Amino acid sequence: MRATRAIIHLEHFKKNLEAIRQKIGPHPFICLPVKADAYGHGAVRIAIAALQMGVKYLAVASVQEGIELRQAGIVAPILLFSLPIPEEIPDLVRYRLTPLVSDGEFCDEFARHVATTGECRPVHLKIDTGMGRIGCQTQEAPSLVQRIHATGVLRLEGTATHFAVADSLLPEDIQYTQKQIRAFKEAIERIRDRGYDPGILHAANSGAVVLHEEAYFDMVRPGLLAYGYPPIKERAGSVPVRPVMELQSRVVFIKRVPQGTSISYGRTWQAPQDTTIITIPVGYADGLVRGLSGKFSVFIRGALYPQVGRICMDQCMVDVGPKATIQRWDVVSIFGGPLPCPSAADLAEQLGTIPYEITCGINKRVPRVYVE
Ligand SMILES: *Cc1c(COP(=O)(O)O)cnc(C)c1O
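This one's a predicted model, so the numbers in the text were calculated from it and none came from an experiment.

## Let's talk about the pairing of strand E19 (residues 331–335)
E19 sits mainly inside the fold: 4 of its 5 residues count as buried. Pairing of strand E11 (residues 245–250) with E19, which is carried by 4 bridges, proceeds in the antiparallel orientation. Paired with arginine 250 across the strands is valine 331, a residue of E19.

## Topic: the pattern of salt bridges
The tally for this structure, following the rule as stated, stands at 12 salt bridges. One salt bridge in this structure joins glutamate 372 and lysine 14, with 3.4 Å as the shortest N-O distance. Note that glutamate 372 is positioned in the segment after strand E20 (368–371) and lysine 14 in helix H1 (residues 10–24), a separation of 358 residues in sequence. With a relative accessible area of 63%, glutamate 372 lands in the exposed category. Linking glutamate 119 and arginine 121 is a salt bridge whose minimum nitrogen-to-oxygen distance equals 3.1 Å.

## Some thoughts on the packing of helix H6 (residues 104–115) against helix H7 (residues 141–150)
Where H6 contacts H7, the axes come no closer than 10 Å and their chain directions differ by 10°. Here H6 lies roughly parallel to H7, going by the angle between them. Between H6 and H7 the crossing geometry is right-handed. Residues Gly104, Glu105, Cys107 and Asp108 of H6 form the contact with H7, whose own contacting residues are Leu144, Arg147 and Ile148. Among the residues forming the contact of H6 with H7, the class breakdown is 3 nonpolar, 1 polar and 3 charged.

## Re the nonpolar core
One finds Phe13, Leu32, Val34, Leu58, Leu69, Leu125 and Ile334 to be the most contacted residues of the largest nonpolar core, which totals 105 residues. Among the domains, domain 1 (10–235) and domain 2 (245–371) are the pair contributing at least three residues each to this core. The residues touching isoleucine 334, leaving out its near neighbours within four places in the chain, are Leu247, Gln248, Ser249, Ile280, Val282, Leu288, Phe296, Ser297, Val298, Cys341, Pro342 and Leu347. By size, the runner-up hydrophobic cluster in this structure holds 8 residues, among which are Tyr57, Ala59, Leu79 and Phe81.

## Some points on the side chain of threonine 359
Mapped onto the fold, threonine 359 is located in helix H11 (residues 355–360). With residues near it in sequence (within four places) discarded, threonine 359 still touches Tyr39, Gly40, His41, Tyr229, Met245, Ala344 and Arg368.

## A short note on the domain arrangement of the protein
We note that the domain assignment places domain 1 (10–235) and domain 2 (245–371) within the protein. Domain 1 and domain 2 are separated by 37 Å when their C-alpha centres are compared. With 11 residues of domain 1 at the interface, the matching set in domain 2 holds 12 residues. Here domain 1 meets domain 2 over a buried area of about 1,100 Å², counting both sides, of which 59% is carbon and sulfur. Seen at the junction of domain 1 and domain 2, the total is 1 salt bridge.

## Some remarks on helix H8 (residues 171–193)
Under the 1.5 Å per step criterion, the end-to-end length of H8 is 33 Å for 23 residues, consistent within 8% with the ideal 33 Å. Turning to H8, its buried residues are Asp173, Thr177, Gln180, Ile181, Ala183, Phe184, Ala187, Ile188 and Ile191. On its buried face, H8 sits against strand E6 (121–128), H7, strand E8 (154–160) and strand E9 (200–204). In the segment just after H8, glycine 195 is the residue with positive phi, at about 90°.

## What about the packing of aromatic side chains?
Applying the stated criterion across every chain yields a total of 5 aromatic pairs. Considering the side-chain rings of phenylalanine 106 and phenylalanine 110, the 5.9 Å spacing of their centres and the 10° angle between planes classify their relative orientation as stacked. Within this pair, phenylalanine 106 and its partner phenylalanine 110 are both found in helix H6, separated by 4 residues, close to a single helical turn. Taken together, a centroid distance of 5.1 Å and an interplanar angle of 85° make the contact between phenylalanine 184 and phenylalanine 217 edge-to-face. Residue phenylalanine 184 is located in helix H8, and its partner phenylalanine 217 is located in the loop between helix H9 (206–211) and strand E10 (219–220); the two are separated by 33 residues in the primary sequence. Under the relative-accessibility criterion, phenylalanine 184 is labelled buried at 0%. On the basis of relative accessible area, phenylalanine 217 is assigned to the buried category, the value being 17%. Through successive ring pairs, a cluster of aromatic residues spans Phe13, Tyr39, Tyr227 and Tyr356.

The rules behind each value
- Residues numbered from 1 in each chain as written.
- Predicted model: local features only at pLDDT ≥ 70, side-chain atom pairs only at ≥ 80, totals over all residues.
- Heavy atoms only, no water.
- Buried < 20%, exposed > 50% of the residue type's maximum accessible area, 1.4 Å probe, protein only.
- Helix = DSSP H or I, 4+ residues; strand = E, 2+ residues; numbered from the N terminus.
- Pairing = 2+ DSSP bridges.
- Salt bridge = Lys/Arg side-chain N within 4 Å of Asp/Glu carboxyl O.
- Axes fitted to C-alpha atoms, helices over the stretch in contact; angles between N-to-C directions.
- Parallel < 35°, antiparallel > 145°, perpendicular 65-115°, else oblique.
- Left-handed = near helix turned anticlockwise from the far one by under 90°.
- Contact = heavy atoms within 4.5 Å.
- Nonpolar A, V, L, I, M, F, W, Y, C, P; charged D, E, K, R; others polar.
- Core = buried A, V, L, I, M, F, W, Y, C linked by side-chain atoms within 4.5 Å.
- Domains from an automatic or database assignment.
- Buried area = accessible area lost by both parts, 1.4 Å probe.
- Expected span 1.5 Å × (residues − 1).
- Phe/Tyr/Trp six-rings, centres within 6.5 Å; stacked < 30°, edge-to-face > 60°.

Here it is in C-alpha cells:
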C-alpha cells in the first residue's frame, strides 16, 4: 500500500457518537448522513460502525450511494437527501431507499413505480422553512400530505426540514433558525389538523445539535460532529469530538540544501539558511489543495515543520530545519493526528473554506485504513 493513506479512527467515531448521544439525551434517534462516501471516510465501514452503535437511519445524497450500502448488505433504512431524476426512480424502489418528497409531481411519479411492486413504501415530507433548497412551501405541506396518502401506496413515515444558519452564533442567525423551527411546528400542526400523522419529525444538523435543543424533535441528523469537527468553534466543549480522519504520509526523501536553494515549481520559496528538505508523496491530486502551499505545517515525531514551496500534483516538500532528527521513512501526519497536528478545520480556515470540503476532497487514490 502506498505511503499516503487516510487513517480512519473508528474509536474516535464511536466516541463522537457517544458524545452526541450524551448531548441529545435518550429520546431522539440518530440519522447519520453518510453522503459523499461518509464525508470521505468510506460509507460502508462508517455505516456498519454507526449501526453497531445504535444509529437507526442512514442518509445519502444520491441513489448510487444508497445502492453501494445495499450491495454491502446494509438493511437499515436509508433516506435520500437529494432529489433523483426520473431515470433513477426504478433503482430507488428496487433498493428500498426512502425519498424526501417535496412536490406532487415527484410524489406521483414515485408512487407509479411503487405501485408495480404491490407494496406500500415509506416517504418523508420535506418542508422548506427557510433553507431555499428542496422542500415544499410551508403552506403547501397539508395538501402534499393528502396527495401522498391519495396514492394509496405511499406511507408518510416522517416530516423534515433543514436549517440554513444553525451553526452561527450571530443573534440574527439564531433568530432565523428559531423562525424556521416555528414555521416547521406550524406546518406540523396544520398536517395534524387535517387528520394526518406527520410521523418522525426531524430537522437538526450538527449546528442545531449544539445550539438549538428545540430542534431535536424525534430524530437528529448530525454529520460533521460525528466525523469529529465542532460546527461552532466557540462551543467546541459542548459536544467534545475528535477528528476521525488522519491524513498520513511518509518521508520518502531527505536532502541537505544550502541557503538560497529554491524549492518546487514557480520558485516561490528559497531556503533562508542551510537546511534539510524532505519530500513527501502527497499532492493536490490526493486532495491536498494547492492553495495550501506554504500555509500549513506537518507533524513528524512529535513536532511541527512547515510545508514549503508549491504543492505539486503528487508530492510536496517540508523544511525540517538545519538540525533535523527526522529519518527517511518516518510517518508524517498532515491533518487529524495527535495535537499539535493541525485538523482539517485548521486547513479549511487557511483556505477560507469548511472542514467538509477537506475530508470530502481526499481522493479515491488515497487508501482508507480503518483502525479500531
Ligand atoms: C448534510 C446534511 C445534514 C448534515 O449536516 P452537518 O452539517 O454535516 O451536520 C443534515 N441534513 C441534511 C438534509 C443534509 O443535507
